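# Report on the structure
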Amino acid sequence: MNNSNKSFLAKMALLLATIIWGSTFFIMEYTIQNIGIYTLLAIRFTFAAVVLGLILIKHLRVIDREYLWRGFIMGALVVTAYIFQTFGLADDATTPGKNAFLTAIYCIIVPFLSYPFTKLKPDRYNIVAAIICITGITMISVTGNDFSSVCRGDLLTLIGGICYSLHMVAVATFSRGRNILLLTMLQFLFSGIIAWIPAIALETFPTTISPLAITSIVYLSVMATCLCYILQNAGQKFTTPSTASLILSLEAVFGVLFSVMFTTERITPKIFTGFALVFLSIVISEIKPFKKGQ
């Protein structure tokens, strides 16, 4: 298979992962009405760790202390991100579409957080993108005349987006010289363990779960967690970082699309403008469309 075909398949893999992740926002909103947030995340990550562990069973023997502490940090960061994002989604004032776009700020923040590790200073495009992104977030989140109208769910979602940024920096830093799939499996395992602690301490495991909720949990665990991370890792191997980031940012677009299609969410002109500004900021930050030589 030539490089052109590999690049095309890589982009399709990333696009498929993005579509699946975009569908999870309204599915999560339904599922957390039937099961506790910590319990859902604990099941989701534990299930994904078991599935990926079975796939990688022949490679598990190479796991050492380095793998374990790296996987723990990655897992702690990603489960923290999911907790804030999911609690944000649980707020009635935060719709799946808003949750999707507010989470997408990680694309803007990563260049700033990664600077101490990569020594790559954010350029003027990153700064312009950040300003545009903040403007878009303000239009999405501020429903009244002042910032007192920003809902708790939007703020929690933004914190989740920052945690996703920290997770991306950790993955880029800790994956060097390591099997990324093994690290991903350990990330899932530790995420599940961490989520089980508040799940057991604070929540009551439901005695009955509807068949639709069970189907949603399986979908979130296998498709949206295990499969998507495999697709992302494989896709990023054969495409440029800028192209991969731009495709993955479409998760927010698909999140809104699925939310409008399958829920009662409706987009006002003001919120739509905010969405457009956030997406524009991602494009500017990732592909620097006006930079000479690109």
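Here goes a summary of the coordinates provided. What you are looking at is a predicted structure, and each value in this text was computed from that prediction instead of being measured.

Turning our eyes to something else, we now look at the overall build of the chain. Per the secondary structure count, the chain includes twelve helices and zero strands. Computed over the C-alpha atoms, the radius of gyration of the chain is 19 Å, within 12% of the 19 Å expected from 2.2 N^0.38 for a compact globule of 294 residues. Over its C-alpha atoms, taken along the principal directions, the chain stretches across nearly 50 × 50 × 35 Å. A separation threshold of at least 6 residues defines the contact pool for the chain, and within that pool the share at least 24 residues apart is 88%. Accessible surface, the chain as shown: approximately 14300 Å² in total, 70% of it carbon and sulfur. Computing the positive centroid from 20 side-chain charges and the negative centroid from 12, the chain places the two 15 Å apart.

Here helix H3 (residues 65–90) crosses helix H4 (residues 96–103) at 150 degrees, and the two axes come no closer than 9 Å. Classified by the angle their axes make, H3 and H4 are roughly antiparallel. You can see that H3 and H4 cross each other, and the crossing is right-handed. Note on element contacts: H4 touches H3 through Pro96, Asn99 and Thr103, opposite Gln85, Gly88 and Leu89. Residues belonging to the contact of H3 with H4 are distributed by class as follows: two nonpolar, four polar and no charged.

Examined against the element boundaries, Thr225 turns out to sit in helix H10 (residues 211–237). Classification of Thr225 as buried rests on a relative accessible area of 1%. A polar contact is formed between the side chain of Thr225 and the side chain of Arg44, at a distance of 2.6 Å. Discounting chain neighbours no more than four positions away, the residues touching Thr225 are Arg44, Phe45, Ala48, Phe188 and Leu220.

Turning to H4, a few remarks are in order. A large share of H4 lies buried, amounting to eight of its eight residues. Considered for burial, the residues of H4 that qualify are Pro96, Gly97, Lys98, Asn99, Ala100, Phe101, Leu102 and Thr103. Where H4 begins, one side-chain oxygen reaches toward the backbone nitrogen of Lys98, 3.2 Å away; that side chain belongs to Thr95.

Moving on, we get to the packing of H4 against helix H8 (residues 152–174). Viewed as axis vectors pointing N to C, H4 and H8 meet at an angle of 35 degrees, and their least axial separation amounts to 8 Å. Viewed along their axes, H4 and H8 form a crossing whose handedness is right-handed. Packed against H4, whose contacting residues are Lys98, Asn99, Leu102 and Thr103, the element H8 presents Asp154, Thr157, Leu158, Gly161 and Tyr164 at the interface. Class assignment for the residues of the contact of H4 with H8 results in three nonpolar, four polar and two charged.

Applying the stated rule across the entire model yields four salt bridges. With a closest N to O distance of 3.9 Å, Arg178 and Glu66 form a salt bridge. Here Glu66 lies in helix H3 and Arg178 lies in the loop between H8 and helix H9 (180–202), a separation of 112 residues in the sequence. Relative accessible area serves as the criterion here: at 30%, Glu66 is assigned to the partly exposed category. One salt bridge in this structure joins Lys98 and Asp154, with 3.2 Å as the shortest N-O distance. Note that Lys98 is positioned in helix H4 and Asp154 in helix H8, a separation of 56 residues in sequence. The burial state of Lys98 is the same as that of Asp154; both residues are buried. A single network of salt bridges, built from pairs that share partners, joins Asp64, Glu66, Arg70 and Arg178.

Moving on, we get to the packing of aromatic side chains. Taken as a whole and judged by the stated rule, the model has eleven aromatic pairs. A ring pair is formed by Phe45 and Phe188, whose centres lie 6.1 Å apart and whose planes are at 40 degrees; its orientation type is tilted. One end of the pair, Phe45, is in helix H2 (residues 37–55); the other, Phe188, is in helix H9, with 143 residues separating them in the sequence. Residue classification places Phe188 among the buried positions, given a relative accessible area of 0%. In textbook terms, an aromatic cluster arises when at least three aromatic residues are bridged by ring pairs, as seen for Trp21, Phe45, Tyr82, Tyr164, Phe188 and Tyr229.

Along the chain, Thr103 falls in helix H4. At 3.3 Å, the side chain of Thr103 and the side chain of Gln85 are in polar contact.

Topologically, Thr208 is positioned in the loop between H9 and H10. With relative accessibility at 65%, the residue Thr208 sits in the exposed group. The sequence separation of Thr208 and Ile35 amounts to 173 residues, and the corresponding C-alpha distance is 9.6 Å.

Reading guide: rules and limits
- For every chain, the first residue of its written sequence is number 1, and the numbers climb from 1 along that sequence.
- Only residues with pLDDT of at least 70 are given local features in this predicted model, and only at 80 or more are side-chain atom pairs given and counted; all residues enter the totals for whole chains, interfaces and linings.
- Derived side-chain values reflect all non-hydrogen atoms in the structure, with water molecules and hydrogen atoms excluded from consideration.
- Secondary structure follows DSSP: runs of H or I at least 4 residues long count as helices, runs of E at least 2 residues long count as strands, and numbering of each begins at the N terminus.
- The globule rule used for comparison is 2.2 Å times the number of residues to the exponent 0.38, while the radius of gyration itself is calculated over C-alpha atoms.
- Throughout, a residue-residue contact means that at least one pair of heavy atoms, one from each residue, lies within 4.5 Å.
- Here the Shrake-Rupley method, with its probe set to 1.4 Å, supplies the accessible areas, and only the displayed protein chains count as covering residues.
- Charge convention: Lys and Arg are scored as positive, Asp and Glu as negative, and His as well as the terminal groups of each chain are ignored.
- Working definition for charges: the position is that of NZ of Lys, CZ of Arg, CG of Asp or CD of Glu.
- Here, axes are lines fitted to C-alpha atoms. For helices the fit covers the stretch in contact, and angles between N-to-C directions go from 0 to 180 degrees.
- Orientation is classified from the angle alone, with under 35 degrees giving roughly parallel, over 145 giving roughly antiparallel, 65 to 115 giving roughly perpendicular, and any other angle giving oblique.
- By convention, the crossing between two helices is left-handed when the near helix turns anticlockwise from the far helix through less than a right angle, and right-handed when the turn is clockwise.
- Note on residue categories: nonpolar means Ala, Val, Leu, Ile, Met, Phe, Trp, Tyr, Cys or Pro, charged means Asp, Glu, Lys or Arg, and polar means any other residue, Gly included.
- Each residue is placed in one exposure class: buried if its accessible area under a 1.4 Å probe, protein chains only, is under 20% of its type's maximum, exposed if it is over 50%, and partly exposed if it falls in between.
- Polar contacts here mean pairs of N or O atoms no more than 3.5 Å apart (in protein, one a potential hydrogen donor and the other a potential acceptor; neighbouring residues in sequence count only if both atoms are side-chain atoms).
- Note on definitions: salt bridges are taken to be side-chain nitrogens of Lys or Arg within 4 Å of carboxyl oxygens of Asp or Glu.
- Here a Phe, Tyr or Trp ring, Trp counted by its six-membered ring, pairs with any other such ring whose centre lies within 6.5 Å, and the pair is stacked when the planes are under 30 degrees apart, edge-to-face when over 60, and tilted otherwise.

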